[in-house]
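# Secondary and tertiary structure notes
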Amino acid sequence: MAQTPVSIADLYDMEAPYVTEYRRLLHRIMNQDREEPVKSVLVTSAMVGEGKSTACCLLALTAVMKKKLKTLIVDADLRKPSVHKLFGLPAGPGLSEVLAEGHDPTDALHKTAVENLHVLTCGRLRENPTEVFDPEAIGRLIDEMKFYYDLIVVDCAPLLPVSDPMLLAPKVDGVLLVVKAGSTQKEVAQRAVQIVDPETSNVLGVVLNNMNHSLPYYYDYEYYHYDYSPKRLLNQRATGKKKPAKEERGAAKKEDSPQDNVARS
Ligand SMILES: Nc1ncnc2c1ncn2[C@@H]1O[C@H](COP(=O)(O)OP(=O)(O)OP(=O)(O)O)[C@@H](O)[C@H]1O
Ligand SMILES: [Mg+2]
């Protein structure tokens, strides 16, 4: 029997500390000191696998769920697209059909399980993504979509291996760079920043990914003697059980947790 794919929206935990961070990030993005509000954001990074697509989807989910913004994700990574997979959607029709076949973009917008969150998926993978990737056309499309959406988050390929994000950066209101803590080398991150032209593009800042692995105590709220998680409190009330004492947890932490393994893989 075919299994229903798990969507990132199902895993999104409104009370998780990372959501608080994304909310802060969104607040900063939306409150930039500039004449025109930031309505389109490109998410990229130096190299592959640093968490661009995940960050893109979490930012969009936070915009809808926490800020009630009507949001569109555009998967402009025509080389290694993954937003459709993260939401359990078909790959097409999507951006490549709009660019290569003149498909009407409004017919290529996919609804997600979350109201007011839509995705323009990558579309069919092409043999010649460089030729299909037209930054001018994508820029026009993003501008058109601003009429229908409060925020447009654009996922893209990495900066060092290909020129797509550098070419698209001037077509959006701001660029976010994902850096994977404990993995992205300093020189590599610096090179990525240099590639984005500050004359034509607006680098909003850096999303530091993988913090839980690099600085595990950063998110240990009880470490600071605060427990802000209503979910945890409700769970305690329901089960009558408190979390184990800090010493016991410390002992448990010494053995590798599954989360730790995930972060390392
Ligand atoms: N904060 C995080 N904590 C743990 N795992 C993460 C985190 N962010 C991303 N990942 C995992 O890292 C892997 C790469 O993430 P993702 O696909 O978002 O990166 P990407 O930069 O878009 O990659 P690509 O360059 O291939 O497009 C995925 O398996 C994802 O689940
Ligand atoms: Mg990706």
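Further up the page is the structure itself.
Residues numbered from 1 in each chain as written. Chains lettered and ligands numbered in written order. Predicted model: local features only at pLDDT ≥ 70, side-chain atom pairs only at ≥ 80, totals over all residues.

Helix α3 (residues 52-65) packs onto helix α2 (residues 17-30) with a crossing angle of 80° between their chain directions and a minimal axis gap of 9 Å. As judged from the angle between their axes, α2 and α3 are roughly perpendicular. Seen from α2, the contacting residues are Val19, Tyr22, Arg23, Leu25 and Leu26; seen from α3, they are Leu58, Leu59, Thr62 and Ala63. Broken down by class, the residue content of the contact of α2 with α3 amounts to seven nonpolar, one polar and one charged. (Axes fitted to C-alpha atoms, helices over the stretch in contact; angles between N-to-C directions. Helix = DSSP H or I, 4+ residues; strand = E, 2+ residues; numbered from the N terminus. Parallel < 35°, antiparallel > 145°, perpendicular 65-115°, else oblique. Contact = placed C-beta atoms within 7 Å. Nonpolar A, V, L, I, M, F, W, Y, C, P; charged D, E, K, R; others polar.)

Quick look at the site of ligand 1 now. Close contacts around ligand 1 come from 16 residues, with Val48, Gly51, Lys52, Ser53 and Thr54 the closest. Where the shell around ligand 1 is concerned, the elements lending two or more residues are α3 and α13 (258-264). In terms of residue count, α3 provides more of the shell around ligand 1 than any other element does, three residues in total. Of the residues that constitute the shell around ligand 1, the class distribution is four nonpolar, eight polar and four charged. (Near = placed C-beta within 6 Å.)

Attention now goes to the environment of Asp197. Positionally, Asp197 belongs in the loop between α9 (186-195) and β7 (203-209). Residues Asp197 and Pro170, 27 residues apart in the sequence, show an inter-C-alpha distance of 8.3 Å.

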